[in-house]
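The chain contents come next:
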Amino acid sequence: MANLFGGLMGNYSEVTIPELKSQYGIYLMPEEEIHMGFKLVRDAFIITDERLILIDHQGVTGKKTRVASIHLNSIYEVTMETGGTGFDDCEVTLHYITSPYHKSNNLQTSLYKFEFGKKFNVQPLYTTFLSIASKNFNRLNS
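This is a predicted model, so every value here is computed, not measured.

What to know about the environment of G62
Topologically, G62 is positioned in the loop between β4 (51-58) and β5 (64-71). A sequence separation of 20 residues divides G62 from R42, and the C-alpha atoms of the two residues are 7.5 Å apart.

Right, dumping it as structure tokens:
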């Protein structure tokens, strides 16, 4: 019940890897491995060894599905907010490169925000993404 309430409030909750594989394994590339994943009422995001898979079920029935990817090597900055008092939730925001060429004069970027319940320990997820962003930042600026 807590996960449903959190989902209705717009917060992701963690899902087991076997459940993710059974529901979303069709979206994996050959030999791609799931590390962790989270679900909102119908939507989900999955972290693999290659990318983030964003799954957005649309419409009343949820049969229409949009699947997008953010390649881990395009993430260059991560921010985190922890939950405060009241209805404040935790959130992690990823800044990533959308241009096909990461070292260019006309770089295009975007951001994606994930919201979690205030009791969710967002620190390990932030640290994971921060490690990836730091490596990418060094690679891009070398």
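Read on for the rest.
A look at the sheet that holds strand β3 (residues 44-48)
Read across the open sheet, the five strands follow the order β1-β2-β3-β4-β5; overall the sheet is antiparallel. Each of the sheet's edge strands pairs with one partner strand only, and the pair in question is β1 (13-15) and β5. Adjacent strand axes in the sheet meet at a mean angle of 25 degrees, parallel and antiparallel pairs treated alike. Of the strand pairs in this sheet, β1 and strand β2 (residues 34-39) are connected by three bridges, and their pairing is antiparallel. Bridging from a neighbouring strand, E14 pairs with F38 of β2. Seen against the sheet, helix α2 (residues 17-24) touches β1, β2, β3 and β4 and runs at an angle of roughly 80 degrees to β2. Set on the sheet, helix α3 (residues 123-140) makes contact with β2, β3 and β4; between it and β3 the angle comes to about 50 degrees.

Observations concerning the side chain of K39
Of note, K39 is situated in strand β2. For K39, the side chain forms a polar contact with the side chain of Q23, separated by 3.2 Å.

Some remarks on the packing of aromatic side chains
Scanning the entire structure with this criterion turns up five aromatic pairs. Look at F38 and F116: their rings are 5.3 Å apart centre to centre, the planes differ by 75 degrees, and that puts the pair in the edge-to-face class. Of this pair, F38 sits in strand β2 while F116 sits in strand β8 (residues 109-116); the two residues are 78 residues apart in sequence, bridging distant segments of the chain. Grouping aromatic residues by their ring pairs yields a cluster made of F38, F45, Y112, F114 and F116.

Remarks on the pattern of salt bridges
Tallied over the entire structure, the rule returns two salt bridges. Here K113 ties to E91 by a salt bridge, and the two come within 3.6 Å at their closest N and O atoms. On the criterion of sequence distance, the pair formed by K113 in strand β8 and E91 in strand β7 (residues 90-97) is long-range, its members being 22 residues apart. Classification of E91 as buried rests on a relative accessible area of 14%.

How each quantity is defined
Residues numbered from 1 in each chain as written. Predicted model: local features only at pLDDT ≥ 70, side-chain atom pairs only at ≥ 80, totals over all residues. Heavy atoms only, no water. Helix = DSSP H or I, 4+ residues; strand = E, 2+ residues; numbered from the N terminus. Pairing = 2+ DSSP bridges. Axes fitted to C-alpha atoms, helices over the stretch in contact; angles between N-to-C directions. Contact = heavy atoms within 4.5 Å. Polar contact = N/O pair within 3.5 Å; in protein donor to acceptor, adjacent residues only side chain to side chain. Phe/Tyr/Trp six-rings, centres within 6.5 Å; stacked < 30°, edge-to-face > 60°. Salt bridge = Lys/Arg side-chain N within 4 Å of Asp/Glu carboxyl O. Buried < 20%, exposed > 50% of the residue type's maximum accessible area, 1.4 Å probe, protein only.

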